[in-house]
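The primary structure of each chain is shown beneath.
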Amino acid sequence: MTKLIDGKHISALVRQAVAKEVMQLKSQGITPGMAVVIVGDDPASRIYVNNKKKACAEVGIYSEEYALPADTTQEALIALVQELNSRSDIHGILVQSPLPKGLDEKAVVETIDPRKDVDAFHAVNVGKIMIGDFHFLPCTPAGIIELLDRSGIEIEGKRCVVVGRSNIVGKPMAMLLLHRNGTVTICHSRTKQLAEICREADILVAAVGKANFITADMVKPGAVVIDVGMNRNENGKLCGDVDFAAVQEIASYITPVPGGVGPMTIAMLMKNAVSAAKIQNGLSL
Ligand code: NDP
């Protein structure tokens, strides 16, 4: 019987634990603070930013939004990040991606104080993840590890296949699975015999961005299937990268879309914001 991994439920447990930590910090006079910067009027970005602010409010994190016009200059954006870096009441800085054309996202991320980089996109934090000495983990891969752990799924010694090699999902996902002693293969658009490699996976993570990309013939019976994709199908309905109806017949565990990986990303962001507040106040994690 395939078990559904309930990301909604597990993310609520993570947020509850975060809210408890926030209460403890507040009792010591520390209120975790997060600044969320959005540039331009991309509707999807607006939804993400609203969800992040809502999540902050729910767990008791103070948040400030900076909504800047699409014609904001690189200098103005960098100046804002520098100002936020210097504020002791702001522990986490998040610049919503994508930025409008003409703005250099990489330069903006590199301006964020690595101790306030709650997305863990700064090169310093990426490097720390490589060597296994990290405070912040990128939210989506960290959320997936949390889903596996809380579902009692062992990673050590397992054959793990990650399809996708982006800097925000695929690569850090592979690294976290490796840190947990999985045997990891990363696949991408130039991979040959993709279906065969996927069929070897005990844990298969799909982060491609194409609806129904992972079909049942690519999945080993009994595999754990994690679907990161967030796509719209031909009817405009949200769906993942996995052909859910067919794959759920053969997987041992599977994440649905929506309600799987998605809710974990914001929950882990809240966790990172609390870690940032602790680090900046000299507390241990
Ligand atoms: P990217 O577009 O940055 O990366 C997609 C990856 O898929 C690339 O590495 C690409 O390979 C690979 N790919 C594309 N086509 C194929 C193919 N035919 N065969 C094998 N690999 C292929 O996407 P992201 O990593 O940012 O996101 C992936 C998905 O996850 C998206 O649907 C996104 O919306 C979703 N997402 C969901 C989140 C959540 O919270 N649930 C958070 C972040 C993303 P190559 O490098 O060779 O081009």
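That block above? That's the structure.
What comes next concerns the included structure. (Residues numbered from 1 in each chain as written. Predicted model: local features only at pLDDT ≥ 70, side-chain atom pairs only at ≥ 80, totals over all residues. Heavy atoms only, no water.)

## Side note on unusual backbone geometry
Argument step 1. In this structure, Pro98 follows Ser97 across a cis peptide bond, with omega equal to 0°.
Argument step 2. For the peptide bond that leads from Val257 to Pro258, omega is 0°, which places it in the cis range.
Argument step 3. Relative to the elements of secondary structure, Pro258 occurs in the loop between strand E11 (253-254) and helix H10 (262-280).
Argument step 4. Despite not being glycine, Asn181 shows a phi value in the positive range, around 70°.
Argument step 5. If you trace the backbone, Asn181 turns up in the loop between helix H7 (170-179) and strand E6 (183-187). (Helix = DSSP H or I, 4+ residues; strand = E, 2+ residues; numbered from the N terminus.)

## Some details on the pairing of strand E8 (residues 224-227)
Argument step 1. Burial of E8 is two-sided: the residues Val224 and Ile226 facing one way and the residues Val225 and Asp227 facing the other way are all buried.
Argument step 2. Taken together, the four bridges between strand E7 (residues 203-206) and E8 define a ladder with parallel strand orientation. Across the sheet, residue Ala206 finds its bridge partner in E8, namely Asp227.
Argument step 3. Here E8 pairs with E11 via two bridges, running parallel. By the bridge assignment for E11, Val224 is matched with Tyr253. (Buried < 20%, exposed > 50% of the residue type's maximum accessible area, 1.4 Å probe, protein only. Pairing = 2+ DSSP bridges.)

## Comments concerning the pattern of salt bridges
Argument step 1. On inspection of all chains with the given rule, the structure shows twelve salt bridges.
Argument step 2. Here Glu21 ties to Lys278 by a salt bridge, and the two come within 2.3 Å at their closest N and O atoms. Here Glu21, found in helix H1 (residues 7-27), pairs with Lys278, found in helix H10; they are 257 residues apart in sequence, far enough to count as distant.
Argument step 3. Assessed through its relative accessible area of 25%, Glu21 is described here as partly exposed.
Argument step 4. Taking the relative accessible area as the measure of exposure, Lys278 reaches 14% and is therefore buried. (Salt bridge = Lys/Arg side-chain N within 4 Å of Asp/Glu carboxyl O.)

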